[in-house]
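Listed below are the residues making up each chain.
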Amino acid sequence: MSKSQVITARIDPEVMALVDRLAAAQGRSRSWLAARAIEKMARAETAFLDFVKEGEDAIARGDYLTQEQMEEWVEERVRNRQAIRQAAE
């Protein structure tokens, strides 16, 4: 197991009261809650950055649709769905 690191943050009193309330309700420490919250946020933000990078890479490869192409694609799907519904009637 790797050695943990220490981080210091300033929290306004209202948020600290919420942290204390949650810690008491869950039987956890402030430190545990802070570590989990930071981990969750860091993972979510990193996943978002990776998602954006995927899109940027696709654009760089020329793998994208223009607005007009996308509108045509949607309209075609709507027409196909309407045809399926009419055939089912």
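Please refer to the structure placed before this passage.
Residues numbered from 1 in each chain as written. Predicted model: local features only at pLDDT ≥ 70, side-chain atom pairs only at ≥ 80, totals over all residues. Heavy atoms only, no water.

**Q** Teacher, can you tell me more about the overall build of the protein chain here?
**A** Each helix and strand counted, the protein chain has three helices and zero strands in total. Along the protein chain, from the amino end to the carboxyl end, the secondary structure elements read α-α-α. Taking 2.2 N^0.38 as the reference for a compact globule, 89 residues should give roughly 12 Å; the C-alpha atoms of the protein chain span a radius of gyration of 24 Å, well beyond that estimate. Here the C-alpha coordinates of the protein chain stretch approximately 60 × 40 × 30 Å along the principal axes. A total of 89 residues make up the protein chain; the buried ones form 3% of that total. For the protein chain, the accessible surface area stands at approximately 8700 Å², while carbon and sulfur atoms represent 56% of it. Across the protein chain, 14 positive and 16 negative side-chain charges occur, with their mean positions spaced 12 Å apart. (Helix = DSSP H or I, 4+ residues; strand = E, 2+ residues; numbered from the N terminus. Rg over C-alpha atoms; globule rule 2.2 N^0.38 Å. Buried < 20%, exposed > 50% of the residue type's maximum accessible area, 1.4 Å probe, protein only. Areas by Shrake-Rupley, 256 points an atom, 1.4 Å probe, with all protein chains shown as cover. Lys, Arg positive; Asp, Glu negative; His and termini not counted. Charge placed at Lys NZ, Arg CZ, Asp CG, Glu CD.)

**Q** Got a minute to help me understand the pattern of salt bridges in this structure?
**A** Where charged atoms of side chains with opposite charge meet at close range, the side chains can pair. Under the criterion given, the structure shown has five salt bridges. Of the charged contacts, one joins Asp-63 and Arg-61 as a salt bridge, the two residues approaching to 3.6 Å between their closest N and O atoms. When its relative accessible area of 58% is taken as the criterion, Arg-61 is described as exposed. Connected through shared salt-bridge partners, Arg-36, Glu-39 and Arg-43 make up one network. (Salt bridge = Lys/Arg side-chain N within 4 Å of Asp/Glu carboxyl O.)

**Q** Teacher, can you tell me more about the packing of helix 1 (residues 13–26) against helix 2 (residues 30–61) here?
**A** Any two packed helices are characterised by the angle at which their axes cross and by the distance between the axes. The geometry of helix 1 relative to helix 2 is characterised by a closest axis approach of 9 Å and an angle of 105° between their N-to-C directions. With respect to their mutual orientation, helix 1 and helix 2 come out roughly perpendicular. Contact residues: Met-16, Val-19, Asp-20, Leu-22, Ala-23 and Gln-26 in helix 1; Arg-30, Trp-32 and Leu-33 in helix 2. Of the residues that constitute the contact of helix 1 with helix 2, the class distribution is six nonpolar, one polar and two charged. (Axes fitted to C-alpha atoms, helices over the stretch in contact; angles between N-to-C directions. Parallel < 35°, antiparallel > 145°, perpendicular 65-115°, else oblique. Contact = heavy atoms within 4.5 Å. Nonpolar A, V, L, I, M, F, W, Y, C, P; charged D, E, K, R; others polar.)

**Q** What is the right way to read a nonpolar patch on the surface from this model?
**A** A surface patch of nonpolar side chains, about 440 Å² in accessible area, is lined by Leu-65, Met-70, Trp-73, Val-74 and Val-78. Looking at the secondary structure, you find Val-78 in helix 3 (residues 67–88). The class of Val-78 is partly exposed, set by a relative accessible area of 41%. (Patch = residues over 30% accessible without salt bridge, like charges linked within 9 Å, V, L, I, M, F, W, Y side chains within 5 Å.)

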